[in-house]
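An overview of the molecular structure
Letter by letter, the chains look like this.
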Amino acid sequence: MTRKEFELRQARRDRRIAVIGASIVFASLIALYAVLTDLTHALDPVLFPGLGVILPEMAASAPELFKGFLYSMRLLIPSLAAGILAGVTCGLVVGMHPKVKLVLMPLFRALNPVPPTMLIPYAIAVLPSFWLSSAVIIFLGVFWPVLMSTLHGVVMLEPRWIDNARCLQLTGRKLVFKVILPGAMPQIFAGVGSGLIFSFILLTVAEMFGAKAGMGFYVQYYADFAEYGKVLGGIIFLSAVVILLMTVFDRIQRRVLYWTNKR
Amino acid sequence: MNDTPLIELRDLSFSHAGEQTLAHISLSVAASEFIAIIGPSGCGKSTLLRLVSGLLMPSSGEVLVGGKPVTGPGLDRAMVFQDYSLFPWSNCQDNIVLALEQARPDLSRAERRQIADDYLAMVGLANCGRKLPGELSGGMRQRAAIARALAMNSPILLMDEPFGALDAITRARQQDMLLEIWQAGGSLKKTVLFVTHDVDEALILAGRVIVLGVCPGHVAADVPVDLPRPRSRGNSIASSQFRELRERLLHELDSAVARQLEAAQENQEGSGI
């Protein structure tokens with residue numbers, strides 16, 4: 001058995017443990033909920049509708065949920081992409097110019113901790129459309145962590161990589177794309193990861209404020225009518241979407257950062 | 001024969017943060033010479049190599065390569081570091097191709113790939129082009145780094161303890177490989193500056209050994225190694241000439257270390273008062 005086969009086998013075994021174990025945990029939690037609601041009626045049936053209520057509600061409002069999903073994605077994806085792109089670009093440019101960084105760092109430190117949620121009412125007042133104000137809020141929520149982590153990544157570059165690049169006389173675009181960007185990638189991904197999680201929070205919060213559709217709107221709307229079966233259904237659907245997006249992110253990260261666990 | 005030296009260090013001094021690491025170093029290296037630089041740790045031998053590479057600039061004096069003062073790193077001087085000569089995020093072939101894009105921009109993409117494969121094969125890594133540096137052993141990684149440096153076709157090779165992190169057996173094999181490749185260069189042999197702390201390694205490889213003294217670093221001895229070539233580790237190490245040279249170098253190193261300790265003691269006493 002070669003080392004590669006051994007590693008592969010071990011990875012497969014770990015995956016099996018994870019899948020089976022997680023399924024058992026999920027199933028027990030769902031079963032527990034079913035026992036407390038559908039079977040024993042131990043919990044208040046209005047606030048905690050049983051699975052017998054939630055599942056049919058979800059099935060019935062599947063088209064509405066799907067529409068909400070599309071609406072949310074139309075807001076999330078462009079804002080997320082713009083935030084990542086702007087954060088990485090600014091981080092690289094500022095990080096590669098130590099003097100610019102010295103000048104701008106106090107500003108970054110001051111603006112970075114301002115919670116974007118606080119800006120929502122103001123953004124809605126200032127900007128012409130709801131879509132734009134929500135997009136700006138999500139953009140900011142992604143931009144700051146990505147910017148700060150990119151700056152950190154540039155600082156953390158091993159001096160020997162820089163020596164190596166200098167010996168090869170790498171400059172400009174080649175220096176950025178062949179050395180600095182890949183070298184800073186582990187930190188950049190850490191920032192994108194937290195930006196991504198933050199973007200889900202901001203998306204739903206923004207939608208609860210003044211949207212006409214979207215997953216956050218769906219939950220808010222039916223909560224107003226005390227239709228908690230739909231509310232819980234919406235939350236479950238939202239979680240599923242988040243899990244899906246995080247899985248895609250993990251896949252990309254594992255592929256791009258493959259080299260880091262081979263060092 | 002052209003007798004202007006290929007590399008010339010003129011009264012070279014280097015200080016960093018108020019501390020002088022190298023003082024008044026003068027050295028001439030002819031084309032196709034293989035020079036080993038040894039010295040106790042902290043004598044500034046790596047600093048000396050970095051000054052020649054252009055990664056560092058001297059505080060005074062100058063480095064001339066081919067008669068021209070060095071103002072920064074150049075592709076005429078290929079560097080092999082102790083580790084990290086390859087970027088860990090690119091496979092071996094891509095690492096060499098990147099170096100070739102810089103050093104030999106006249107080549108086509110396919111030619112660069114071919115040359116990368118050829119040099120990898122030359123150092124015994126024929127099937128490792130697609131592997132990441134991290135997937136190779138330390139010895140294989142250094143061979144790939146040497147392949148990269150050779151592929152660049154630079155007349156000068158600067159090697160900073162390239163085998164320093166390897167175990168004894170791997171190290172011996174790498175030395176033989178380097179000797180073989182260098183000796184096969186015929187009249188177009190590369191000029192090599194090889195930093196090491198290993199006396200045997202210096203004697204096996206080099207035609208001339210520079211011993212650096214300490215506090216601050218200076219040329220303590222310049223010892224020609226007249227062992228017959230072509231050499232290999234096996235046929236050099238047993239000869240009486242080798243043993244005599246080794247005694248002499250060890251003696252030089254010993255006195256350098258002794259002076260370092262004296263200086264350290266004086267410093268301590270001085271600051272104690």
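Refer to the preceding data block for the structure.
Now for a description of the structure that goes with this document. (Residues numbered from 1 in each chain as written. Chains lettered and ligands numbered in written order. Predicted model: local features only at pLDDT ≥ 70, side-chain atom pairs only at ≥ 80, totals over all residues. Heavy atoms only, no water.)

Helices and strands together make up the secondary structure of chain A, namely 10 helices and zero strands. Starting at the N terminus and ending at the C terminus, chain A contains elements arranged as α-α-α-α-α-α-α-α-α-α. A globule of 263 residues ought to have a C-alpha radius of gyration of about 18 Å, yet chain A, at 23 Å, is considerably larger. Dimensions of chain A, computed from the C-alpha atoms along their principal axes, are close to 70 × 65 × 30 Å. Taking the intrachain contacts of chain A between residues at least 6 apart in sequence as the baseline, contacts between residues at least 24 apart amount to 73%. Taking the average location of the 24 positive side-chain charges in chain A and that of its 13 negative ones, the two points are 17 Å from each other. (Helix = DSSP H or I, 4+ residues; strand = E, 2+ residues; numbered from the N terminus. Rg over C-alpha atoms; globule rule 2.2 N^0.38 Å. Contact = heavy atoms within 4.5 Å. Lys, Arg positive; Asp, Glu negative; His and termini not counted. Charge placed at Lys NZ, Arg CZ, Asp CG, Glu CD.)

Now for the sheet that holds strand β5 (residues 68-69) of chain B. All names here are of chain B. Pairing in this open sheet of four strands is antiparallel, and the strands run β2-β1-β4-β5 from one edge to the other. Strands with a single pairing partner mark the edges of an open sheet, and in this sheet they are β2 (19-29) and β5. Examined bridge by bridge, strand β4 (residues 60-65) and β5 share two bridges and lie antiparallel to one another. Its bridge partner lying in β5, L64 is registered against P69. (Pairing = 2+ DSSP bridges.)

Glancing now at the sheet that holds strand β3 (residues 34-38) of chain B. Residue and element names in this part refer to chain B. An order of β6-β7-β8-β3-β9-β10 is seen for the six strands of this open sheet, with the pairing classed as mixed. Unpaired on one side and paired on the other, β6 (77-80) and β10 (218-224) mark the two borders of the sheet. Across the sheet, the mean angle from the axis of one strand to that of its neighbour is 20°, orientation sign disregarded. Where helix α1 (residues 45-53) meets the sheet, it contacts β3, β6, β7 (156-160), β8 (191-195) and β9 (208-213), and its direction lies at approximately 150° from that of β7. (Axes fitted to C-alpha atoms, helices over the stretch in contact; angles between N-to-C directions.)

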